[in-house]
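Architecture and fold: a report
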Amino acid sequence: MTGIVAIGSVLAASLLIGIYGVRAARSTSDFLIASRKVSPRWNAMAIAGEYLSAASVLGLAGLVLKNGLGTLWYAVGFTAGYVAVVALVAGPMRRSGAFTVPDFAEYRLGSPRLRKLSGCIVLLIMLLYLVPQFKGAGLVLNLVSGTPYWVGVLLAGLVVSFSIVAGGMRSATYVQGFHYLVKLAFLAVPAVYLLVHAGADARGEVLEPDRATEFRARTTVEFTIDTRLEVTEPTTVERAPERGEPGEPDRLASGTHDIASGEELTFPAGAPVPEPTGVPQLGGEQWSRPLLDIENSGHPLLGTWSTLLALTLGAMGLPHVLMRFHTSPTARTARRVATGVIALLGVFYLFPAIYGLLGRVFTPQLVLNDATDSVTVLLPAQVVPGALGSVLTALVAAGAFGAFLSTSSGLLLALAGGLSHDLFSGSVPRLRVAVVVGTTVAVLIALPAFRVDINVLVGWAFAVAASTFCPLLVLGIWWRRLTLTGATVGLAIGAATSTGAVALSTVTTLDPGLLTLLLAQPAAWTVPLAFATMIGISLLGTEPDWAEHALLRLHAP
Amino acid sequence: MKPSRRVRVTSPQTRIALARRHRPGQHLLPLPAPADVAGARAAFRRQRRLALATMSGLAATVLGMSGLVAVLPTLDHVGVAGVPLSWLLAGVAPYPLLLALAVLHVRRAERAEDAERAEGGLAVDERRDGR
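Being a predicted model, the structure only gives us computed values, none of them experimental.

1. Topic: the overall build of chain B
Across its full length, chain B holds 4 helices and 2 strands. Overall, chain B shows an N-to-C arrangement of helices and strands of α-α-β-β-α-α. Burial status across chain B gives 28% buried among its 131 residues.

2. A closer look at the overall build of chain A
Counting its regular elements, chain A contains 24 helices and 7 strands. Looking at chain A residue by residue over its 557 residues, the buried ones come to 63%. Partitioning the intrachain contacts of chain A with sequence separation of at least 6 by distance along the chain shows that 81% fall at a separation of at least 24.

3. A closer look at the confidence of the model for chain B
In this model, chain B carries a mean pLDDT of 75, and residues with pLDDT of at least 70 account for 64%. Note that pLDDT drops below 50 for residues 20–26 of chain B; the model gives that stretch 8 contacts with residues more than four away or on any other chain.

4. Focus on the sheet that holds strand 6 (residues 264–267) of chain A
Residues and elements named next belong to chain A. Strand order in the open sheet formed by 4 strands is 1-6-3-4, with antiparallel pairing between adjacent strands. Every interior strand has two partners, whereas the edge strands, strand 1 (219–222) and strand 4 (248–252), have only one. The average angle at which neighbouring strand axes cross in this sheet is 30°, direction not considered. With 3 bridges joining them, strand 3 (residues 235–240) and strand 6 adopt antiparallel strand pairing. Note on strand 6: the bridge partner recorded for Glu238 is Thr266.

5. A word on the domain arrangement of chain A
All names here are of chain A. Taken domain by domain, chain A consists of domain 1 (2–200 + 287–555) and domain 2 (214–272). For domain 1 and domain 2, the distance between their C-alpha centroids amounts to 37 Å. Taken together, the contact pairs 8 residues of domain 1 with 9 residues of domain 2. Elements with a minimum of two residues in the side of domain 1 that touches domain 2: helix 14 (352–362) and helix 15 (365–368).

6. Some thoughts on the UniProt feature "transmembrane region" (unreviewed entry) in chain B
Residues and elements named next belong to chain B. Sites flagged by UniProt as "transmembrane region" (unreviewed entry) map to residues 50–72 and 84–104. Helix makes up 96% of residues 50–72 and strand 0%, with an end-to-end C-alpha separation of 32 Å. Helix makes up 86% of residues 84–104 and strand 5%, and the two end C-alpha atoms of the span are 30 Å apart.

7. Quick notes on the packing of helix 11 (residues 300–317) of chain A against helix 2 (residues 37–71) of chain B
Put simply, helix 11 of chain A and helix 2 of chain B touch, their axes get as near as 10 Å, and they point 160° apart. On the basis of their axis angle, the class for helix 11 of chain A and helix 2 of chain B is roughly antiparallel. Once helix 11 of chain A is placed against helix 2 of chain B, the crossing between them reads as right-handed. Contacts between helix 11 of chain A and helix 2 of chain B pair Pro300, Leu301, Thr304, Trp305, Leu308 and Thr312 of chain A from the former with Val62, Leu63, Ser66, Gly67 and Ala70 of chain B from the latter. Taken together, the residues of the contact of helix 11 of chain A with helix 2 of chain B sort by class into 7 nonpolar, 4 polar and no charged.

8. So, the sheet that holds strand 5 (residues 255–259) of chain A
Strands belonging to one sheet form pairs held by backbone hydrogen bonds; the direction of such a pair is parallel or antiparallel. Residue and element names in this part refer to chain A. In space, the 3 strands of this open sheet follow the order 5-2-7, with antiparallel pairing throughout. Looking at the sheet topology across the chains shown, the edges are occupied by strand 5 and strand 7 (275–276). Pairing analysis gives 5 bridges linking strand 2 (residues 227–231) to strand 5, with the strands arranged antiparallel. Of the residues in strand 5, the one forming a bridge with Glu230 is Thr256.

9. What about the pairing of strand 2 of chain A?
Of the strand pairs in this sheet, strand 2 of chain A and strand 7 of chain A are connected by 2 bridges, and their pairing is antiparallel. Paired with Glu230 of chain A across the strands is Glu275 of chain A, a residue of strand 7 of chain A.

10. Description of the packing of helix 5 (residues 72–96) of chain A against helix 13 (residues 331–348) of chain A
Residue and element names in this part refer to chain A. Two elements in contact, helix 5 and helix 13, have axes separated by 8 Å at closest approach and are oriented at 170°. As summarised for this structure, helix 5 and helix 13 are arranged roughly antiparallel, according to the angle between their axes. Residues Phe78, Thr79, Tyr82, Val83, Val85, Val86, Ala90, Gly91, Arg94 and Arg95 of helix 5 pack against Ala331, Ala334, Arg335, Ala338, Thr339, Val341, Ile342, Leu345 and Gly346 of helix 13. Looking at the contact of helix 5 with helix 13 residue by residue, the classes come out as 12 nonpolar, 4 polar and 3 charged.

11. So, the nonpolar core
All names here are of chain A. In this structure, Val83, Val85, Leu358, Ala397 and Ala400 are the most contacted members of the largest nonpolar core, which totals 210 residues. Of the domains in this structure, domain 1 (2–200 + 287–555) and domain 2 (214–272) are the two that each give at least three residues to this core. With residues near it in sequence (within four places) discarded, Val85 still touches Ala90, Ala315, Met316, Val321 and Ala338.

12. A few points about the environment of Arg480 of chain A
Residues and elements named next belong to chain A. Among the secondary structure elements, Arg480 is positioned in the loop between helix 20 (469–478) and helix 21 (484–507). By the C-beta count within 10 Å, which is 16 here, Arg480 ends up partly exposed. If we skip the residues at most four places from it in the chain, Arg480 touches Glu543, Ala547, Glu548 and Leu551.

About the criteria used
- Residues numbered from 1 in each chain as written.
- Chains lettered and ligands numbered in written order.
- Predicted model: local features only at pLDDT ≥ 70, side-chain atom pairs only at ≥ 80, totals over all residues.
- Helix = DSSP H or I, 4+ residues; strand = E, 2+ residues; numbered from the N terminus.
- Buried ≥ 20, exposed ≤ 12 C-beta atoms within 10 Å, placed from the backbone.
- Contact = placed C-beta atoms within 7 Å.
- pLDDT = per-residue confidence, 0-100.
- Pairing = 2+ DSSP bridges.
- Axes fitted to C-alpha atoms, helices over the stretch in contact; angles between N-to-C directions.
- Domains from an automatic or database assignment.
- UniProt positions renumbered as here; feature names shortened; annotations may be inferred.
- Parallel < 35°, antiparallel > 145°, perpendicular 65-115°, else oblique.
- Left-handed = near helix turned anticlockwise from the far one by under 90°.
- Nonpolar A, V, L, I, M, F, W, Y, C, P; charged D, E, K, R; others polar.
- Core = buried A, V, L, I, M, F, W, Y, C linked by C-beta atoms within 7 Å.

And the structure:
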């Protein structure tokens, strides 16, 4: 109940701030870039607020719990992306006068067709990024109030599209700045409190990953998916074929056991946590090493580097990140604002890991059920039982909901921009229609996506952005000889390989190895491939005579 | 009160591009100071050197730190106040370094721009790149 009240207050405050912004949203310029009347401090906070999505608030803690400390590199990559933005794109993009990546493509290479192609890639990236946000919203509402998952997703879609349709970017900027504060406070304060309250015993257990993870108390796990468990030590459990039916004592011998969806197992306190197949042993060697061994491929450093490459270079290609720099009045402020964002992100990213680490000790059962994305919301009640626990849960849930709201507003704006500004000609009524269309599509895809990890989809979006817009922008801004053909072919190849590889890795089950790694996190080869294609094909042709002018214009102080 | 009339607005580049689609290159605004092409080229090269340096630093930071964790497994067992050093390397240490890289880049880039403006013969008071 407290959870609904807290989420309700965040919603109400967002709507109020949004309504304040409605007065301003009169033109496309207001709608997309807030007419540049936002102070740098609010702007940095808004950018950070928009950037810290459900992937950061819910997904990171869940990943740490499920896949181990290696997932800390996700947060590093998300932040490092802004260093690349400061160094490579913030200033020149602001000077180009282009609102969106497709706008920039047309500015630099002078082709409306390239603009359309880029517009399609914007839509692809934005959908990959929006779907997990809606999943997060549905999940949080489901956890705090028990409403079915689909109700949460639908409700979230309505709220977000309404506030954007009404206010556009100007209102979104203030709302998102407010949401950064909400997210930081509502995640950091409970994290510190939980860490202190957990007690020396639990903290010791958190820091001693070599000890096998055990259930702290008698725990009932209701399986909602078919799961194959590996039991290392014979364990006596109570096994009920269906929820609510009386359980019968059953002895799980060491080895693999198939548990059907709907079964309920009750583990006694002190029993070792069995491992679902495909997930590193909780607290085991692989879990506690801070390297990302994607798909158990046996190449942890390559996996880590490929992920870092995707996230660092992907950030600059995210359409909603770029559009943000036009809310700054000058190229200099754009760069400074981006630096401020790095500081804000660095502070925030210290906290999600705490939830994941405590989660291993207090809520290991989430791993059995493939429900680790919910650890942030479920943890407080486990550590601090009673009223205070539910207040903390409410705070965290409201923070997570804020994350969802602000990110999806920014994404929807960029999506609307892609639909109407780049693919058709832009006007405010059309932008509004585009927002509604975008929301509908994202909600429809999010409904069946309950079992997909939030960060899998977000990582996918980053990989596509890193393999398409990153080379286009970097070469477009820093290399005179980029030609239209080179850029077009490079974009097409980058989009096809990065999208195709991850799609292939989700539908096929291959033996773990180098191939599975390169399919699941393809940035290590798709980014160099896209760069090489653009450079190689550009060198075959000649750039138009005005190319140098267009390039120098981006760097003239 | 009569509501203000709604005007269709597009980004300046789009507007110019739409108006003069048949003559590519015409959509570019003239170069501001430093007006001479040689000066602008030098400014561009200077900024590109800075960007390359910062990107190398960034690569060294993120790839280097994760590489360190990979080649030195002992870091998992060396603790600072009980927390394994490798965890700190992945979870805490990168952030101040990344911020320092960005701050350094902004300072150097702005200093280079100031120098270019001075060379371009523009009065220092007129420093505004907002358009």
